Amino acid sequence: MKGKAMTIDHPEHRFSFIDSYEAALFLYEIAKLSFEGPINPGSTEDCSLKEMIAMIEKLTEKQAHYSQDGASSPYNFPGPWSVDTSLAQSFGFSFTPLPKLFSSLIDFYKEQS
């Protein structure tokens, strides 16, 4: 939003996301079950950093700026961070679809700037 350059080393890496309220609700509800073991909550879709930036550019009508001298993106991880949410869904949990989640989040930050 401020037009500052950023560094992204792996734009193809994919990431999963979850709304903070849905994360808290999920933890509250899953604690009531007798389930034990790993389980991943989150939007059913994931996206690459390249796709995420394209969504942000479209919704903000601003072009992202890249530079090796720019600030490192907060998602500039050395590997992907995408999770399988099918087990959580099998327990009846549902989460906001990623496009809607991003749209709401980007709208929030547009209002803040």
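Quick caveat, the model's predicted, so the values are computed rather than measured.

Draft legend 1. Layout of the overall build of the protein chain. Looking only at helices and strands, one finds 4 helices and 4 strands in the protein chain. Ordered by position from the N terminus, the helices and strands of the protein chain form the series β-β-α-β-α-β-α-α. Seen along its three principal axes, the alpha-carbon backbone of the protein chain occupies a region of about 50 × 30 × 15 Å. Residues counted as buried form 28% of the 113 residues belonging to the protein chain. For the protein chain, contacts bridging at least 24 residues in sequence account for 92% of all contacts bridging at least 6. If you average the places of the 9 positive and of the 15 negative side-chain charges in the protein chain, the two averages end up 8 Å apart.

Draft legend 2. Highlighting the environment of I106. In this structure, I106 sits in helix α4 (residues 98-112). Judged by its relative accessible area of 10%, I106 is buried. Considering only alpha carbons, one finds I106 and M55, 51 residues apart in sequence, at a separation of 9.1 Å. Sequence-distant contacts of I106, that is, excluding residues within four places in its chain, are made with M55, I56, L59 and T60.

Draft legend 3. The packing of aromatic side chains, seen in detail. Inspection of the entire model under this criterion finds 10 aromatic pairs. Note on F35 and F91: the rings are 5.2 Å apart at their centroids and 75° apart in plane angle, and the pair reads as edge-to-face. Highlighted residues: F35 in the loop between α1 (20-30) and β3 (47-48) and F91 in the loop between α3 (86-90) and α4, separated in sequence by 56 residues. Residue F35 is classed as partly exposed on the basis of its relative accessible area of 25%. Ring geometry for F77 against W81: centres 5.0 Å apart, planes inclined by 55°, an arrangement best described as tilted. An aromatic cluster of at least three residues, connected via ring pairs, comprises F15, F17, Y75, F77, W81 and F102.

Draft legend 4. Broad picture of the pattern of salt bridges. All told, the structure shown has 3 salt bridges when counted by the stated rule. R14 serves as the salt-bridge partner of D46, at 3.0 Å between the closest nitrogen and oxygen. Separated by 32 residues along the polypeptide, D46 in the loop between α1 and β3 and R14 in strand β2 (residues 14-15) bring together distant segments of the chain. Of the residues examined, D46 reaches a relative accessible area of 25% and is grouped as partly exposed. Using a relative accessible area of 29% as the deciding quantity, one classes R14 as partly exposed. Of the charged contacts, one joins E51 and R14 as a salt bridge, the two residues approaching to 3.1 Å between their closest N and O atoms. Of this pair, E51 sits in helix α2 (residues 49-60) while R14 sits in strand β2, placing them 37 residues apart in sequence. Each of R14, D46 and E51 takes part in one network of salt bridges that share partners.

Draft legend 5. The arrangement of the environment of D107 in detail. Turning to its location among the elements, D107 is positioned in helix α4. Separated by 47 residues in the primary sequence, D107 and T60 place their C-alpha atoms 8.2 Å from one another.

Each value, and the rule that gives it
Residues numbered from 1 in each chain as written. Predicted model: local features only at pLDDT ≥ 70, side-chain atom pairs only at ≥ 80, totals over all residues. Heavy atoms only, no water. Helix = DSSP H or I, 4+ residues; strand = E, 2+ residues; numbered from the N terminus. Buried < 20%, exposed > 50% of the residue type's maximum accessible area, 1.4 Å probe, protein only. Contact = heavy atoms within 4.5 Å. Lys, Arg positive; Asp, Glu negative; His and termini not counted. Charge placed at Lys NZ, Arg CZ, Asp CG, Glu CD. Phe/Tyr/Trp six-rings, centres within 6.5 Å; stacked < 30°, edge-to-face > 60°. Salt bridge = Lys/Arg side-chain N within 4 Å of Asp/Glu carboxyl O.

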